[in-house]
Amino acid sequence: MGYAKHIGRVGALAVTLGVGVALASAPTAFAETGDSSSSSSSSSSTSSASSSNTGSSSTSSDSSSSSTSGQKTTRSARSAAGSGSGAITVPLADRTSPVRAKTARTAKTSPLSAGAPAEPAVTLITIPVNPAAPLVNPDPGTPPVEAPAALAALGAVRDELERNTLRRNATSGPQVGIASVDTPNVLVIGVDGANLSRVLADPANVNFFSLIQGSSTAPSSIVGHTTISNPSWSTILTGNWGETTGVINNIFTPWTYNRWSTVFNQLEEDHDDGIQTTAVANWDVIAAIAAAGGDLGADLVRYIGKREDDPNWLKTDDAVGDTTELIIAGSNPDVANFVFSYFVGVDENGHAYGGASEEYKLALNNFDRNLGEIMAAVEAWETANNEEWTIVLVTDHGHQPQRGLGHGFQSPDETETFVIVNGPGFTPGAINLQYQIVDVTPTVVTLFGGTPRASDGTSMTELTNNVIPINNDAALREALQDLISKNGYPDTITNISLGVRTIFTSIPYFLVDIVDGIVGGIKSVAAQNIPIVSLLAGLAVGPVQFIGDLGYVATNFVAQVVARITGVTGASIYPFWPPAAPDFPSYTPPAPPSMLAGLQVCGDPALGACVDPSIAV
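Residues numbered from 1 in each chain as written. Predicted model: local features only at pLDDT ≥ 70, side-chain atom pairs only at ≥ 80, totals over all residues. Heavy atoms only, no water.

Draft legend 1. Looking closely at the pairing of strand β3 (residues 185-191). Of all 7 residues that make up β3, 7 are buried, and the element is covered over most of its length. Side chains Asn185, Leu187, Ile189 and Val191 of β3 all project onto a buried face; the interleaved residues Val186, Val188 and Gly190 project onto the opposite face, where all are buried too. Pairing geometry for β3 and strand β7 (residues 336-343), over 7 bridges, is parallel. Residue pairing for β7: Val186 is matched across the bridge by Phe338. Pairing between β3 and strand β8 (residues 390-394): 5 bridges, direction parallel. When the bridges of β8 are listed, Leu187 appears paired with Ile391. (Buried < 20%, exposed > 50% of the residue type's maximum accessible area, 1.4 Å probe, protein only. Helix = DSSP H or I, 4+ residues; strand = E, 2+ residues; numbered from the N terminus. Pairing = 2+ DSSP bridges.)

Structure (structure tokens):
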């Protein structure tokens, strides 16, 4: 039944411990904010960009199969519907919010408001650009053992202390104010395993780039933190790194969120019936995180299971997009609204085919179309209700270009992340040098007028160290690519210790997956009512599960010890026994509401014209 693939995967993890350094690329054109308290010159801003971010937690692969399916192990049945078409396009020269061009709206006064945000003055400066600089650096560099001097230099580039210094300096500049409405609306869109460098290198991703044009964008890195999905998404949804919370692999641990409250918990505690919190996801671990916290979990969780006729997850991603559009269209303007929408398809294709594959590219294109449809739904709602949404787009990690492990280690392809914020007070077309994925939850809580709980992150309303490329779309793309190309490896000791952590923490995860598969197969035989055979199979379920649980206890004990030694302060050997797998019924989105029927969605070069959006069926 393919169980050997997991064992081979763990063995392969050790091989990838030899990693290299990234080659820096040419400088590009920037504009600095008029307030220079957070950055003394364009050159220092550029340097800050390359040194601003340390990274998120994650570890080995998200998928139970690296060679064929590359799918995240959900440990529960999956089925759903989905497919759609269309995309928004806006003239690329438009530097105002391109995907969200709005008429003036009447601002409502609010006890949660901090007033209208101040817009910093902008001074344009030009630095010569090397036209031969590549959009994507396909070769991240030489292994550290071959270039110790370069490694030492680049290891300092992403130093956490330097990033914290930038944060302290930035707070002296103008801060972003909270939107002056009684009922704020925030949409966070999570796309798993997306490399921003590959998004920018493909002109077909028109909606993604249009959102960047109207937003403040951070081409961040999570170097120094393991690159497994669950640690990274728990970072995004709690505001604390996996090293703090103790999330070390893709096993959902409900007790984590009894201590480290999620963004849903914080919003529900602050606003209760005054806010509607919703999560849509096609990975059951994300759905489980959203529901964690008892009565303070999300008000509504829509889990979209994988369709059986969808080998590459594109239709399932479409169903996530369709469900998100319906939720936005039906949002109540009389209360505050928070929606988190999660797409797994890009990551699954990265595991199955590699980050440089055509399938990965098509998965990004598919997400881009869904993004356009979501933004069209947001625009329609804003026009109808005279209110605005703040949009945050974020990923948890990047992907190796080749087929195989996908991520879990410290190559620049794997540690590459981004945070994009579009909304009142966030500068359109700006490149921010400070945002990190750990800042998402503090930002959301602040935008709703609350005070973030204990957090490793900082509200992005306080992080105003922006640079603005010259008013040219090619310059914006190249500036982002230039900063991404400067991502490097951590120092050798950190690199090795995080690699060791990835290997040991992956073992209990793969073991649980294997045992669940065996137990599921035995239960299937038992359900067939085969004389004697089914009886024996039914009797074997308990002992096999017990033996598997003992194996988890033993391997998890070692994993937690290794995690603690390598910097996970939240690591704990308790509880001993493995947690129950998430169990959510799969949701299929209904037909679209009438308010979406007249939307015009554009942008597909093959169409050459606007078309009506379609909801997956």
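Draft legend 2. Looking closely at the packing of aromatic side chains. In this structure the tally under the stated criterion is 13 aromatic pairs. Taking 6.1 Å as the distance between ring centres and 65 degrees as the angle between the ring planes, the aromatic pair formed by Phe208 and Phe367 counts as edge-to-face. Taken together, the residues span a long stretch of sequence, with Phe208 in helix α6 (residues 206-213) and Phe367 in helix α14 (residues 358-385) at a distance of 159 residues. Taken individually, Phe208 and Phe367 each receive the classification buried, so the pair is uniform in this respect. Centroid distance Tyr303 to Phe584: 6.5 Å. Interplanar angle 50 degrees. Geometry classified as tilted. Taken as a pair, Tyr303 in strand β6 (residues 300-303) and Phe584 in the segment after α19 (533-565) lie far apart in primary sequence, 281 residues in all. A relative accessible area of 19% places Phe584 in the buried class. In textbook terms, an aromatic cluster arises when at least three aromatic residues are bridged by ring pairs, as seen for Phe208, Phe343, Phe367 and Phe418. The side chain of Lys306 reaches across the aromatic face of Trp313, ending 5.5 Å from its centre. Over the face of the ring belonging to Phe209 we find Arg477, whose NZ or CZ atom lies 3.9 Å from the ring centre. (Phe/Tyr/Trp six-rings, centres within 6.5 Å; stacked < 30°, edge-to-face > 60°. Lys NZ or Arg CZ within 6 Å of the ring centre and 35° of its normal.)

Treat this as a map of the structure, not an account of what it does.
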